[in-house]
Amino acid sequence: MSKIDLTNVGFETLMIHAGQSPDKESGALATPIYQTSTFCFETVEEGQGKFAKTIPGFVYSRSGNPTNRALEMKIAALEGGEDAVATASGMGAIGAVMVAFLKTGDHVVCGDCVYGGTSVVMRTNLAQFGIDASFVDTSDAAAVEAAIKPNTKLLYFETPTNPLMVVTDIKKMAAITRAKGIKLVVDNTFAPPPLQFPLKLGADLVVHSVTKYLNGHGDVLGGLVVGSKADIALVRGNGVTKICGTPPSPHSSFLVLRGMKTLSLRVRQHCNNAMAFAQYLAGNKYIKKVYYPGLAGHPQHELAKEQMNGYYTGMVAFEVDAINGLSSYDAGIKLLNTLTIPSIAVSLGDPDTLIQHPASMTHASVPKEAREAASISDGLIRMSVGLENVEDLIADFDRAFASM
Ligand SMILES: Cc1ncc(COP(=O)(O)O)c(C=O)c1O
């Protein structure tokens, strides 16, 4: 075991050491990839004890694996949760939470601007099981209170939202859900630690698409759920291990553990680049609107400053104006096709800048009326600002605009 006492250390020390210690057998510093489906017992009695959980240890990798466990313990420490469970993707994490806490006849209040896949699960897949969902702007506390029904079991939102960067006051939402006995679930994918800590602000559960900033290298799919021991036992038992059967592969967890050793450095640099880029867009004559919580004109700028600890995500969204006879929509498409540094791709949080068109890509599966109700216009462009030199990125945009 690690000799380090992690009770009172700073975020960066936790980031390096939490959940991980040199391998007991070999002394290996990096947590080994326990690439095994099953675990052997010396005796039947040991197996019985491990199944009954009277003896700690692992029995089968669907319910637990040492490499996956290291990742779970690291994120639990970083988010300030008691426990965590790792999944094969962000949607695996979200689905496992739904399965663990909802049953036929229940109702969910969901943010009206969430990742397209989440929106479809809430609108279509939950309805298959007789679970109803309402969609509201969760930056409006009165709208949230009005949407809550006697059978509401869960309030779910992203902050900042994908793709419009709307910021919700987590503390305020937690006061509402606590008073009504509703679980508060926050998707923290756009603002991972050390930016934002929803559990410390009163949320019951945090979900992540690990695919994004937590892994940070664009080479893994993964998800995580963090919360209390009791809640995570339900998510692991009912969701991940049984109905969904969606643990990550140990190899994926190994890569995420490696990625997370530089989490704060990467995330802060993404934010610094995004801030510089958003300021550039805000002063650009070809841009109609910029969505970035770091800009003073953003409707929740002051809340974001406090809640996100002085940083504002690496994600920026914007709309291009009509240029030289091209409509705003066509100018946006031409811009994407002309840029050379950003790759046209969905996903986010990679070292590479990724740019995409939500209406036809990440949010294409959301009905047009629902997109419009959430102000996701057909001209909106979303960019995950990467770790390239931001001056090069700005020069690339200048070149592209000049050619239009
Ligand atoms: C905010 C957010 N949550 C969840 C997901 C789903 O994650 P995954 O693609 O890892 O399943 C995404 C995917 O883009 C996302 O942007």
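Everything quoted here is computed from the prediction, not taken from an experiment.

*Asks:* Would you mind showing me how to read the overall build of the protein chain here?
*Replies:* Scanning the protein chain from terminus to terminus reveals 14 helices and 12 strands. Computed over its C-alpha atoms, the radius of gyration of the protein chain comes to 22 Å, within 12% of the 22 Å expected for a compact globule of 404 residues. Taken along the three principal axes of its C-alpha coordinates, the protein chain extends 80 × 50 × 35 Å. With 404 residues in all, the protein chain has 54% of them scored as buried. When contacts within the protein chain are restricted to residue pairs at least 6 apart in sequence, long-range pairs at least 24 apart make up 72% of them. Split by element, the accessible area of the protein chain, about 16,700 Å² in all, is 55% carbon and sulfur.

*Asks:* What is the right way to look at the packing of helix α4 (residues 90-101) against helix α8 (residues 229-243) in this model?
*Replies:* Geometry of a packed helix pair, given as the angle between the helix axes and the separation of the axes. Two numbers describe how α4 lies on α8: the axes approach to 8 Å, and their chain directions differ by 110°. Classified by the angle between their axes, α4 and α8 sit roughly perpendicular to one another. Facing A96, V97, V99, A100 and F101 of α4, the residues of α8 in contact are D231, L234, V235, N238, G239, V240 and I243.

*Asks:* Please clarify how the pattern of salt bridges should be interpreted in this entry.
*Replies:* Side-chain pairing between opposite charges can occur once the charged atoms of the two side chains come close. In this structure the tally under the stated criterion is 15 salt bridges. E46 is the salt-bridge partner of K50, the closest N and O atoms lying 2.7 Å from each other. Of this pair, K50 and E46 both sit in helix α2 (residues 44-52), four residues apart, which is roughly one turn of that helix. As far as burial versus exposure is concerned, K50 and E46 are alike and both buried. In this structure, K103 and D106 form a salt bridge, with 3.4 Å as the shortest nitrogen-oxygen distance. Residue classification places D106 among the buried residues on the basis of a relative accessible area of 4%. One network of salt bridges, with partners in common, ties together R69, E72, D83 and R236.

*Asks:* Before we go on, may I ask you to explain the nonpolar core in this structure?
*Replies:* The nonpolar side chains of a soluble globular protein tend to be buried, and buried together. The biggest cluster of nonpolar side chains holds 72 residues, and the ones touching the most others in it are F277, V316, F318, V320, L335, F397 and F401. Per element, the largest residue contribution to this core is eight residues, and it comes from helix α10 (residues 263-282). Two domains share this core, each providing at least three of its residues, namely domain 1 (11-260) and domain 2 (263-402).

*Asks:* I keep staring at a nonpolar patch on the surface and nothing clicks. Help me out?
*Replies:* A cluster of nonpolar residues, I344, V346 and M361, forms a patch on the protein surface that exposes about 240 Å² of accessible area. Among the secondary structure elements, I344 is positioned in strand β10 (residues 343-344).

*Asks:* Please explain the environment of P248 as it appears in this structure.
*Replies:* Tracing the backbone through its elements, the reader meets P248 in the loop between α8 and α9 (250-260). Given a relative accessible area of 9%, P248 falls into the buried group. For the pair P248 and D112, spaced 136 residues apart in the sequence, the C-alpha separation amounts to 29 Å. Excluding residues within four positions of it along the chain, P248 makes contact with N68, A86, T87, A88 and S253.

*Asks:* Mind showing me how you'd approach the packing of aromatic side chains here?
*Replies:* By convention here, two paired aromatic rings are described through the distance between centres and the angle between planes. Counted according to the given criterion, the structure contains 10 aromatic pairs. Centre to centre, the rings of F41 and F51 are 6.4 Å apart; their planes meet at 75°, and the pair counts as edge-to-face. A residue pair is termed long-range when its members are at least 10 positions apart, and F41 in the loop between α1 (11-17) and α2 and F51 in helix α2 qualify at 10 residues. Residue classification places F41 among the partly exposed residues on the basis of a relative accessible area of 30%. Judged by relative accessible area, F51 falls into the exposed class, the value being 58%. Between Y280 and F397, the ring centres sit 6.5 Å apart and the planes meet at 80°, which makes this aromatic pair edge-to-face. Of this pair, Y280 sits in helix α10 while F397 sits in helix α14 (residues 390-402); the two residues are 117 residues apart in sequence, bridging distant segments of the chain. A single burial state applies to Y280 and to F397, both of which are buried. Pairwise contacts between aromatic rings join F277, Y280, Y286, F318, F397 and F401 into one cluster. When the ring centre of F135 is taken as origin, the NZ or CZ atom of R123, which lies over that ring, is 3.8 Å away. Note that K200 overlies the ring of F197, its terminal NZ or CZ placed 4.4 Å from the centroid.

*Asks:* What is the right way to read the side chain of T189 from this model?
*Replies:* You can see T189 is positioned in the loop between β5 (183-187) and β6 (205-209). Not counting the four nearest positions on each side in its chain, T189 is found in contact with V207, H208, S209, K212, Y213 and L348.

*Asks:* Got a minute to help me understand the sheet that holds strand β12 (residues 380-384) in this structure?
*Replies:* Each strand in a sheet pairs with its neighbour through backbone hydrogen bonds, running either in the same direction (parallel) or in the opposite one (antiparallel). The strand order across the open sheet built from five strands is β8-β9-β12-β11-β10, with neighbouring strands paired in mixed fashion. Two strands in the sheet have a free side with no partner beyond their single neighbour: β8 (287-291) and β10. In this structure, β10 lies alongside strand β11 (residues 354-356), joined through two bridges in parallel fashion. In the sheet register, S343 faces β11, and the bridge partner there is L354. The sheet strands contacting α10 are β8, β9 (315-320) and β12, and the helix crosses β9 at an angle near 15°.

What counts as what
Residues numbered from 1 in each chain as written. Predicted model: local features only at pLDDT ≥ 70, side-chain atom pairs only at ≥ 80, totals over all residues. Heavy atoms only, no water. Helix = DSSP H or I, 4+ residues; strand = E, 2+ residues; numbered from the N terminus. Rg over C-alpha atoms; globule rule 2.2 N^0.38 Å. Buried < 20%, exposed > 50% of the residue type's maximum accessible area, 1.4 Å probe, protein only. Contact = heavy atoms within 4.5 Å. Areas by Shrake-Rupley, 256 points an atom, 1.4 Å probe, with all protein chains shown as cover. Axes fitted to C-alpha atoms, helices over the stretch in contact; angles between N-to-C directions. Parallel < 35°, antiparallel > 145°, perpendicular 65-115°, else oblique. Salt bridge = Lys/Arg side-chain N within 4 Å of Asp/Glu carboxyl O. Core = buried A, V, L, I, M, F, W, Y, C linked by side-chain atoms within 4.5 Å. Domains from an automatic or database assignment. Patch = residues over 30% accessible without salt bridge, like charges linked within 9 Å, V, L, I, M, F, W, Y side chains within 5 Å. Phe/Tyr/Trp six-rings, centres within 6.5 Å; stacked < 30°, edge-to-face > 60°. Lys NZ or Arg CZ within 6 Å of the ring centre and 35° of its normal. Pairing = 2+ DSSP bridges.

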